[in-house]
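What follows is each chain in one-letter form.
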Amino acid sequence: MNQRAKSKTTAAKSDEAEMHILFADDEKSLQEVMRKELPKLGYRVTICPDGLTALETLKTERIDCLLVDLHMPGLTGIEVIEKAREIRPDVEAIIMTANPDMESAIQAIEYGTFMYLTKPTRLSEIATILGRVSERRKGKRMMTALMHRLQRAEGQGDLIGSHSSMEAVRKLIGRVSPTDSTVLIRGETGCGKELVARAIHEQSLRAEKPFVAVNCGALPETLIESELFGHVKGAFTGADTARVGLFEVASGGTLFLDEIGELPLAVQAKLLRVLETGDIRRLGDNESIHVDVRIVCATHRDLDKMVGEQTFREDLMFRINTFELRVPPLRERLDDLVSLANHLIRRNRRDGVDDQLFTPEAIAELKRHQWPGNVRELANVIEHASVLCDALPVGVEDLPSHFNQRKLRDDLIGSSPMSLREIEQLAIERSMKRLDGNKKAVAEELGVSLKTLYNRLNDAAPADAEAA
Ligand SMILES: Nc1ncnc2c1ncn2[C@@H]1O[C@H](COP(=O)(O)OP(=O)(O)OP(=O)(O)O)[C@@H](O)[C@H]1O
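Residues numbered from 1 in each chain as written. Predicted model: local features only at pLDDT ≥ 70, side-chain atom pairs only at ≥ 80, totals over all residues.

In the nomenclature of an unreviewed UniProt entry, the protein is known as Sigma54 specific transcriptional regulator, Fis family of Neorhodopirellula lusitana.

Shown next as structure tokens:
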């Protein structure tokens, strides 16, 4: 075996010792070679003398990769792959044949075969190909893991809320999704504009194609153009390699331009041209490329006012607001707060009883808040609570300190008269209890220096404080 094959052997062993290969071939000598050599490459191997045995094995064993001969007794390699797709859709497949022909090669492509090899095949070549299969599987697994993490962080993408204003939003999404119209989503920060954009994409005919979101406000002005349209090598200082822009990445799908109001005027002009012609030009390129992308935009800014102030182009405004959709702020649909809070806590916690995830006091506190940061602010509050709360339901004491302070104020207003000193001691006691006696955190929460806190604790219990 050559050096390259050797290095692949090591990689396979460390990266994916468990890749299970089914080798099917009626040639005895090849069976023996594979039985001996594939384990040396770090793979598990099952040998089958014909296609039917291969199929039976596929039903009972967790096979990751098929390495099959084209012409075998019983079933051909192509037939094995075709049937394998029904049993294990994610199985990778490699065909080997001493008699290659165009028809079987085309069929192999149709069934998503990874490689069509002509015999005799060197072992080093097989080692390299299996290494690539292993890499591909690793990439797929990583992608699945990332998707899970993203879903855990962002939720399943369900649009929660049964308030009439949300029902209206849902209805509009249903109407506009199947069309290719450009949509402008308006709403305050954190109210769910991106979630609405995703819903439009998912209910559209483009659902299987990419949904690409770009925050126009988060990119430096110098980078926006190359980010959106791409650039050729050497287009500007630092452009060492060519880069594909997000318009091309989103090809066939939806491009979500978040915070469109932040786009500089020069880029607004270019965007307008792209929307009118469907053609983009990479920076530094003379050729244009036609792209088929649906545009959905969002903003929390007053674009009409910006048009009046000439910071947003009127013609672009007319182009993007073919269809407008307003997502209501959370304070206008507080009836949805409980279902949202329940949904959000389930991103982090599985324990507790479904309809008792918050105490009535905690819900009352949450409902009293004005939520300037909307659902995103609520999501942050709930995340905070889910970390602090030992066992559900979440109580007022698990909410961030400003909720507690409001509770303290209400308690004090309703209590019998107290001296200022008593009120101060009460506030300290509450914070000490809540923050497990962490004096630094207590001082921070109460907005006093650590020294002042120690003085007050000394005033209350000189002997204890000295001992501490
Ligand atoms: N109706 C909803 N149901 C469930 N989760 C929601 C809802 N609305 C918003 N969220 C959640 O709140 C967070 C903020 O939502 P999103 O990013 O869609 O808001 P946005 O309006 O696009 O924010 P920004 O203005 O900052 O871009 C996300 O975690 C999202 O999953």
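Undergrad: Describe the sheet that holds strand E6 (residues 183-186), listing the residues and the values that go with them.
TA: Each strand in a sheet pairs with another by means of backbone hydrogen bonds, the pair being arranged parallel or else antiparallel. Strand order in the open sheet formed by five strands is E7-E10-E13-E6-E14, with parallel pairing between adjacent strands. Of all the strands in the sheet, just strand E7 (211-215) and strand E14 (323-326) have a single pairing partner and so form its edges. For this sheet the average axis-to-axis angle between neighbouring strands, irrespective of direction, equals 20°. Strand direction decides the pairing type here: strand E10 (residues 254-258) and strand E13 (residues 294-299), joined by four bridges, are parallel. (Pairing = 2+ DSSP bridges. Helix = DSSP H or I, 4+ residues; strand = E, 2+ residues; numbered from the N terminus. Axes fitted to C-alpha atoms, helices over the stretch in contact; angles between N-to-C directions.)

Undergrad: Describe the UniProt feature "modified residue: 4-aspartylphosphate" (unreviewed entry) in the protein, naming the residues involved and giving the relevant values.
TA: Taking the UniProt record as the reference, the feature "modified residue: 4-aspartylphosphate" (unreviewed entry) is found at Asp69. Inspection of the secondary structure assignment puts Asp69 in strand E3 (residues 65-69). A residue is classified by how many C-beta atoms lie within 10 Å of it, and Asp69, with 23 of them, is buried. Among all residues touching Asp69, those that are not within four sequence positions of it are Ala24, Asp25, Asp26, Gly77, Met96 and Thr97. (UniProt positions renumbered as here; feature names shortened; annotations may be inferred. Buried ≥ 20, exposed ≤ 12 C-beta atoms within 10 Å, placed from the backbone. Contact = placed C-beta atoms within 7 Å.)

Undergrad: How would you summarise the site of the ligand if you had to cite specific residues and measurements?
TA: Not every one of the 20 residues close to the ligand is listed here, only the nearest: Ile160, Gly192, Lys193, Glu194 and Val375. For the shell around the ligand, the secondary-structure elements that each account for two or more residues are helix H8 (193-202), helix H14 (337-345) and helix H16 (374-388). For the shell around the ligand, the residue count by class is seven nonpolar, eight polar and five charged. Residue contributions to the shell around the ligand reach at least three from each of two domains, namely domain 2 (164-326) and domain 3 (333-467). (Near = placed C-beta within 6 Å. Nonpolar A, V, L, I, M, F, W, Y, C, P; charged D, E, K, R; others polar. Domains from an automatic or database assignment.)

Undergrad: Describe the sheet that holds strand E1 (residues 20-24), listing the residues and the values that go with them.
TA: Strand order in the open sheet made by the five strands is E2-E1-E3-E4-E5, with parallel pairing throughout. The open sheet has two free edges, formed respectively by strand E2 (44-48) and strand E5 (115-118), since each of these has just one partner strand. Across the sheet, the mean angle from the axis of one strand to that of its neighbour is 20°, orientation sign disregarded.

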